[in-house]
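Each chain, letter by letter, is given below.
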Amino acid sequence: MAHPAVILVGPPGAGKSSVGVLLAERLGVGFRDTDADIVASAGKPIADIFVDEGEPHFRALEAAAVRTAVAEHAGVLALGGGAVMRAETEELLSGLPVVFLDVDLHDAVKRVGLDAPRPLLVGNPRARWRELMEKRRPVYTRVARAVVSTAGLTPDQVADAVLDALELSKS
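Residues numbered from 1 in each chain as written. Predicted model: local features only at pLDDT ≥ 70, side-chain atom pairs only at ≥ 80, totals over all residues. Heavy atoms only, no water.

> Sorry if this is basic, but what is going on with the overall build of the chain here?
Regarding its fold elements, the chain presents eight helices and five strands. Going from N to C terminus, the chain has its helices and strands arranged as β-α-β-α-α-α-β-α-β-α-α-β-α. Considering only intrachain contacts with a sequence separation of at least 6, the fraction spanning at least 24 residues in the chain is 73%. When the accessible area of the chain is evaluated, it comes to approximately 8,200 Å², of which 53% is carbon and sulfur surface. (Helix = DSSP H or I, 4+ residues; strand = E, 2+ residues; numbered from the N terminus. Contact = heavy atoms within 4.5 Å. Areas by Shrake-Rupley, 256 points an atom, 1.4 Å probe, with all protein chains shown as cover.)

> Explanation requested: the packing of helix H2 (residues 34-42) against helix H4 (residues 55-72) in the structure shown.
For the pair H2 and H4, the least separation of the axes is 9 Å and the interaxial angle reads 115°. Both H2 and H4 take part in a crossing whose hand is right-handed. Within the contact between the two elements, H2 uses Thr34, Asp35, Asp37 and Ile38 and H4 uses Phe58, Leu61, Glu62, Ala65, Val66 and Ala69. Here the residues of the contact of H2 with H4 are counted per class, giving six nonpolar, one polar and three charged. (Axes fitted to C-alpha atoms, helices over the stretch in contact; angles between N-to-C directions. Left-handed = near helix turned anticlockwise from the far one by under 90°. Nonpolar A, V, L, I, M, F, W, Y, C, P; charged D, E, K, R; others polar.)

> Would you take a moment to explain unusual backbone geometry for this structure?
For residues that are not glycine, phi is negative in most cases, and the peptide bond is trans in most cases. Not every positive phi belongs to a glycine, and glutamate 167 is a case in point at roughly 55°. Looking at where glutamate 167 falls in the secondary structure, it is placed in the segment after helix H8 (155-166). A residue is classified by how much of its surface remains accessible, and glutamate 167, at 73% relative accessible area, is exposed. (Buried < 20%, exposed > 50% of the residue type's maximum accessible area, 1.4 Å probe, protein only.)

> I tried to follow the pairing of strand E4 (residues 98-102) on my own but got confused; where do I start?
Burial within E4 is extensive, with five of its five residues counted as buried. A two-sided burial pattern is seen for E4, the buried positions comprising Val98, Phe100 and Asp102 on one face and Val99 and Leu101 on the other. Bridge count for strand E1 (residues 6-9) against E4 is three bridges, and the pairing is parallel. Directly across from isoleucine 7, in E4, lies its bridge partner valine 98. Bridging between E4 and strand E5 (residues 146-149) involves four bridges; their strand directions are parallel. By the bridge assignment for E5, phenylalanine 100 is matched with valine 147. (Pairing = 2+ DSSP bridges.)

> What is the right way to look at the packing of aromatic side chains in this model?
By convention here, two paired aromatic rings are described through the distance between centres and the angle between planes. Enumeration over the complete set of coordinates arrives at two aromatic pairs. An angle of 35° between the planes, with centres 5.0 Å apart, marks the rings of phenylalanine 50 and phenylalanine 58 as tilted. Taken as a pair, phenylalanine 50 and phenylalanine 58 share a single burial class, namely buried. (Phe/Tyr/Trp six-rings, centres within 6.5 Å; stacked < 30°, edge-to-face > 60°.)

Here's what the structure looks like:
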């Protein structure tokens, strides 16, 4: 069975989308983002799904989107920040070329800002981000074949580090 060439996981602001596009270009494959798949299928932004149907409904949509993308997409795949938190998704990722893009709070804030429409960061965004990372970091690390720190790196440098970590050649 074919599977994605690279699967990127990590929190908001890690650079999954920007690095994913660069990786896809370098590998000569397509790029797919499960958050974009969910928005396209639901016909509304993720923040609206959280408000209208709730987080459990969103997580079910997310799990289905990940399952479909892993089965269908042979390129670079970026998963939403919380996708790995479902046991079925963690199991699905086992043995696949998953890379955890590790980012610190300071860099994440610079990249996405904490006023963006991110439902899980409502209230005190910095405190919420730290709480999410305390829960998610062990899972990101567990599912990843490689961990790439994005600290102080450009998206191009992170893409190079991912290729090196997975021992993939650049086009």
